[in-house]
Every structure is written in C-alpha cells, then in structure tokens.
Amino acid sequence: MNRTLLAASLLCLATTACSESTQVSDDLPESSAYLENPTGRTERVEADPTAKPVRIGEGGPRFDACQSVGKVGRHVSGSLPVLSAPFDAAEKIDSLAAGQTIHICTRSIDQQWLGIVYDQPSDPAATGTPVDCGVSSPVRAKRNYDGPCKSGWVESTYVVLIAG
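On a predicted model such as this, the values are computed, not experimentally measured, just so you know.

What counts, and at which threshold
- Residues numbered from 1 in each chain as written.
- Predicted model: local features only at pLDDT ≥ 70, side-chain atom pairs only at ≥ 80, totals over all residues.
- Heavy atoms only, no water.
- Helix = DSSP H or I, 4+ residues; strand = E, 2+ residues; numbered from the N terminus.
- Buried < 20%, exposed > 50% of the residue type's maximum accessible area, 1.4 Å probe, protein only.
- Areas by Shrake-Rupley, 256 points an atom, 1.4 Å probe, with all protein chains shown as cover.
- Salt bridge = Lys/Arg side-chain N within 4 Å of Asp/Glu carboxyl O.
- Disulfide = S-S within 2.5 Å.
- Polar contact = N/O pair within 3.5 Å; in protein donor to acceptor, adjacent residues only side chain to side chain.
- Core = buried A, V, L, I, M, F, W, Y, C linked by side-chain atoms within 4.5 Å.
- Contact = heavy atoms within 4.5 Å.

**Observations regarding the overall build of the protein chain**
(1) Moving on: Along the backbone of the protein chain there are 2 helices and 9 strands.
(2) Moving on: Along its sequence from the N terminus, the protein chain presents helices and strands in the succession α-α-β-β-β-β-β-β-β-β-β.
(3) Moving on: Expressed as a percentage of the 164 residues in the protein chain, the buried residues total 29%.
(4) Moving on: Taken as a whole, the protein chain presents about 11300 Å² of accessible surface, with 55% of it coming from carbon and sulfur.

**A few points about the pattern of salt bridges**
(1) Moving on: Counted under the stated rule, the structure contains 2 salt bridges.
(2) Moving on: Here D146 makes a salt bridge to R143, at a shortest N to O gap of 3.0 Å.

**Some words on the state of the cysteines**
(1) Moving on: Tallied over the full model, the rule gives 2 disulfides.
(2) Moving on: Disulfide pairing is shown between C66 and C105; the S-S distance is 1.8 Å. Every disulfide takes its handedness from the sign of the S-S torsion; for C66 and C105 that torsion is 85°, giving right-handed. Remark: C105 occurs in strand 5 (residues 101-107) and C66 occurs in the loop between strand 1 (55-56) and strand 2 (68-72); sequence separation between them is 39 residues.
(3) Moving on: C66 gets classed as buried once you look at its relative accessible area, which sits at 5%.
(4) Moving on: What makes C105 buried here is its relative accessible area of 9%.
(5) Moving on: At a sulfur-sulfur separation of 2.0 Å, the disulfide partner of C133 is C149. When the S-S torsion is -85°, as for the bridge of C133 with C149, the disulfide is left-handed. Of the two residues, C133 sits in the loop between strand 6 (113-118) and strand 7 (143-144) while C149 sits in the loop between strand 7 and strand 8 (150-155), which places them 16 residues apart along the sequence.

**Describing the environment of D132**
(1) Moving on: Tracing the backbone shows D132 in the loop between strand 6 and strand 7.
(2) Moving on: Looking at D132, the relative accessible area reads 59%, which means it is exposed.
(3) Moving on: For the pair D132 and D119, spaced 13 residues apart in sequence, the C-alpha separation works out to 8.2 Å.
(4) Moving on: A polar atom in the side chain of D132 sits 3.1 Å from the backbone nitrogen of G134.

**Notes on unusual backbone geometry**
(1) Moving on: Unusually for a residue other than glycine, Q111 sits at a positive phi of about 65°.
(2) Moving on: Counting through the fold element by element, Q111 comes out in the loop between strand 5 and strand 6.

**Overview of the nonpolar core**
(1) Moving on: Grouped together as the largest cluster of nonpolar side chains are 16 residues, with contacts concentrated most on I56, C66, C105, V117, C133, V135 and Y145.
(2) Moving on: Each residue touching I56, except ones within four places of it in the same chain, is listed here: A65, C66, C105, V135, V139, A141, K142, R143 and Y145.
(3) Moving on: Counting residues in each nonpolar core, the second largest holds 11 residues, with V82, I104, Y118 and V159 among its members.

**Regarding the environment of D88**
(1) Moving on: Tracing the sequence through the fold places D88 in the loop between strand 3 (79-83) and strand 4 (92-97).
(2) Moving on: Classification of D88 by relative accessible area gives exposed; the value is 61%.

In structure tokens form, the structure reads like this:
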C-alpha cells in the first residue's frame with residue numbers, strides 16, 4: 001500500500017516537473033525587452049546632490065502607484081515644509097498649507113518621513129480641476145516619480161491619513 005502511494009506521488013511530481021513552462025514575456029506581450037531602461041523614462045536631475053527622489057509603485061503592479069491619501073495638518077510655522085530628502089538638514093523645496101491633499105507614496109525606514117506627490121495650484125483661490133498626478137493607478141515597476149505634479153518629503157507627524 002505504501003509503495004503504491006509512493007509510486008503514485010513520484011509519478012505526479014514527475015508529470016508536473018515536465019509540464020510546459022511560461023516566461024514572463026509571454027504574460028506581458030507589450031513589455032519592453034530593454035533591460036537597462038525598461039520604461040524608457042529618464043531620471044529627473046536634482047539640483048541638490050543629497051536629494052532623494054520619491055519612489056512610486058512600491059506595492060507592486062496590482063496596486064495604485066501611491067497607496068494612501070492624506071491631508072496636511074497644522075504645523076507650528078503655519079505651513080508644512082516639503083524637503084528634498086527624508087532628514088531635517090535637507091533643502092526646503094516647497095511648503096504646504098493645512099488641509100492640502102497629498103498622495104503618500106513611500107516612507108522612510110524609521111517611519112518619520114513620508115514621500116509624497118501633490119498638486120499645488122499656482123493660484124490658491126482658483127477652483128479649477130485638479131491635475132491628475134498619475135499615481136492613482138498601478139505602474140509596472142517601482143521607480144522614481146517623474147510626473148506632472150510636485151514631490152518631496154514631509155514629516156509624518158503633520159499628516160492625517162484619510163484613505164489607504
């Protein structure tokens with residue numbers, strides 16, 4: 001009985017080992033064959049050599065590029081500084097008013113800093129349609145954000161999570 005069961009198990013293993021295999025390129029017919037730069041995008045050149053770009057797509061190709069949405073809370077200085085890297089001494093590149101909606105794309109290892117993408121209208125009184133930052137749908141692979149909106153790093157203490 002045991003020998004028969006063992007023989008049947010080995011036969012099943014051998015059959016599955018010889019089955020047809022597929023390659024990733026079969027599943028993604030439109031994927032690029034260029035391994036050096038599969039997306040064809042160029043990296044954003046930062047003025048600050050210590051700048052750390054915000055990464056999108058960290059949840060994988062089945063999730064939105066930025067998985068959370070938040071609002072800026074109150075900051076002691078009145079506006080939340082946006083920095084070029086996730087540390088206090090980084091260059092200040094912008095500031096956000098309380099209530100501003102942001103996309104949270106990544107976090108620092110210590111969870112103190114959030115890598116964000118945001119649309120900041122040139123005229124705060126304008127009630128025009130917000131710009132689609134391109135982070136509310138999946139991306140094929142993890143990459144630095146290079147879309148139409150602004151990006152940077154803010155302290156997580158001053159952000160209220162509203163979705164995700």
